[in-house]
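Each chain, written out:
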Amino acid sequence: MFGIDCAVSILDGPELSEHRRKELALARLMAEAIGIMLYTGETDLDIRIETAKDMVREFKHVYPETREI
């Protein structure tokens, strides 16, 4: 995940709002989740499902407006 970490670290800084920091953390989590989904084996379905659930929970935390979806 070096690429996303590098990109996010460039955007990160002390002047960012708390919401923006949450968005950047979400971007890191999404990159991690994509990696897990792509690189785990067929027998690791439970890991991919839990990863997807974590990503959805964090997305709803960062964007509460999406809770109705």
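The rules behind the values
- Residues numbered from 1 in each chain as written.
- Predicted model: local features only at pLDDT ≥ 70, side-chain atom pairs only at ≥ 80, totals over all residues.
- Heavy atoms only, no water.
- Helix = DSSP H or I, 4+ residues; strand = E, 2+ residues; numbered from the N terminus.
- Contact = heavy atoms within 4.5 Å.
- Expected span 1.5 Å × (residues − 1).
- Buried < 20%, exposed > 50% of the residue type's maximum accessible area, 1.4 Å probe, protein only.
- Arc of directions from axis to C-beta.
- Patch = residues over 30% accessible without salt bridge, like charges linked within 9 Å, V, L, I, M, F, W, Y side chains within 5 Å.
- Areas by Shrake-Rupley, 256 points an atom, 1.4 Å probe, with all protein chains shown as cover.
- Salt bridge = Lys/Arg side-chain N within 4 Å of Asp/Glu carboxyl O.
- Axes fitted to C-alpha atoms, helices over the stretch in contact; angles between N-to-C directions.
- Parallel < 35°, antiparallel > 145°, perpendicular 65-115°, else oblique.
- Left-handed = near helix turned anticlockwise from the far one by under 90°.
- Nonpolar A, V, L, I, M, F, W, Y, C, P; charged D, E, K, R; others polar.

### A word on the side chain of threonine 66
(1) Moving on: Its place among the elements puts threonine 66 in the segment after helix H3 (45–62).
(2) Moving on: Those residues in contact with threonine 66 that lie beyond four places of it in its chain are Phe59 and Lys60.

### Here's the deal with H3
(1) Moving on: The terminal C-alpha atoms of H3 lie 26 Å apart, and with 18 residues this matches the ideal 26 Å at 1.5 Å per residue to within 8%.
(2) Moving on: Every buried residue of H3 is listed here: Arg48, Thr51 and Val62. For H3, the angular spread of the buried residues around the axis is 65 degrees, confining them to a single face.
(3) Moving on: Looking at the packing, one finds that the buried side of H3 touches helix H2 (18–39).

### Examining a nonpolar patch on the surface
(1) Moving on: On the surface, Ile34, Leu38 and Tyr39 cluster together into a nonpolar patch covering about 390 Å² of accessible area.
(2) Moving on: Mapping isoleucine 34 onto the fold places it in helix H2.
(3) Moving on: The exposure class of isoleucine 34 is partly exposed, given its relative accessible area of 47%.

### Notes on the packing of H2 against H3
(1) Moving on: Where H2 meets H3, the closest approach of the two axes is 10 Å, and the angle between their N-to-C directions is 165 degrees. If you check the angle between H2 and H3, you find them roughly antiparallel. Read as a crossing pair, H2 and H3 show a hand that is left-handed. Residue-level inspection shows His19, Lys22, Glu23, Leu26, Leu29, Met30, Ala33, Ile36 and Met37 of H2 in contact with H3, the latter providing Ile47, Arg48, Thr51, Ala52, Asp54, Met55, Glu58, Phe59, His61 and Val62.
(2) Moving on: For the contact of H2 with H3, the per-class residue count stands at eleven nonpolar, three polar and five charged.

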